[in-house]
Amino acid sequence: MSAGSIESTCRKIGRNAGVENVHPHRFRRTCATLALRRGMPLEQVSRMLGHEELTTTQIYLDLSEKDLEQAHSKYVI
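Residues numbered from 1 in each chain as written. Predicted model: local features only at pLDDT ≥ 70, side-chain atom pairs only at ≥ 80, totals over all residues. Heavy atoms only, no water.

1. Observations concerning the state of the cysteines
Where we set the bar: In plain terms, two cysteine sulfur atoms within 2.5 Å form what is called a disulfide here. Note on classification: 1.4 Å probe, protein chains only; a residue is buried when its accessible area is under 20% of the maximum for its type, exposed when over 50%, partly exposed between these limits.
Enumeration according to the criterion identifies zero disulfides in this entry. Cys 10 provides the cysteine sulfur closest to Cys 31, a residue in no disulfide bond, and the two sulfurs are 13 Å apart. The exposure class of Cys 31 is partly exposed, given its relative accessible area of 42%.

2. So, unusual backbone geometry
Positive phi, normally seen in glycine, also occurs at Asn 21, with a value near 55°. When its relative accessible area of 53% is taken as the criterion, Asn 21 is described as exposed.

3. As for the pattern of salt bridges
Counted only if it meets this: Criterion for a salt bridge: a side-chain nitrogen of Lys or Arg within 4 Å of a carboxyl oxygen of Asp or Glu. For the purposes of this entry, the term helix denotes a DSSP run of H or I that reaches at least four residues, the term strand denotes a run of E that reaches at least two, and both are numbered from the N terminus.
Tallying each qualifying case throughout the model produces one salt bridge. Measuring nitrogen to oxygen at the nearest pair gives 2.7 Å for the salt bridge that ties Glu 7 to Arg 11. With Glu 7 and Arg 11 both in helix H1 (residues 3-17), this residue pair falls four residues apart, about one helical turn.

4. Re the environment of Ser 73
Position of Ser 73 among the secondary structure elements: in helix H5 (residues 65-75). When the C-alpha positions of Ser 73 and Glu 52 are compared, they lie 31 Å apart, and in sequence the two are 21 residues distant.

5. Concerning the environment of Cys 10
The criterion, for reference: Whether two residues are in contact is decided by their heavy atoms: any pair within 4.5 Å suffices.
Mapped onto the secondary structure, Cys 10 falls in helix H1. For the pair Cys 10 and Arg 26, spaced 16 residues apart in sequence, the C-alpha to C-alpha distance is 9.8 Å. Excluding anything up to four places from it in sequence, Cys 10 contacts Val 22, His 23, Pro 24 and Phe 27.

6. Side note on a nonpolar patch on the surface
Rules: By definition, no residue in a patch forms a salt bridge, and every one has over 30% relative accessible area; like charges are joined within 9 Å, nonpolar side chains (Val, Leu, Ile, Met, Phe, Trp, Tyr) within 5 Å. Only the protein chains shown count as cover for residues, with accessible areas throughout obtained via the Shrake-Rupley method and a probe of 1.4 Å.
Together, Tyr 75, Val 76 and Ile 77 make up an exposed nonpolar region whose accessible area comes to about 410 Å². Take Val 76: it is sitting in the segment after H5. By relative accessible area, Val 76 is classed as exposed at 58%.

So this is what it looks like as structure tokens:
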């Protein structure tokens, strides 16, 4: 299956589900964000995604204030 056919299939599924802007990278980004929010170490997420630099993976970090408070309570207090 080519990259184009995968993207086309994703877009079709998105249209059928009523979701806009569906593409393979959206699934990749969502997977990485969920893994980070659930506590997977940044280094492991970076390796899973095949990134050479941790700074590339840090783009996926979108922590809310609630996430930060929970992490602070778990690791600092």
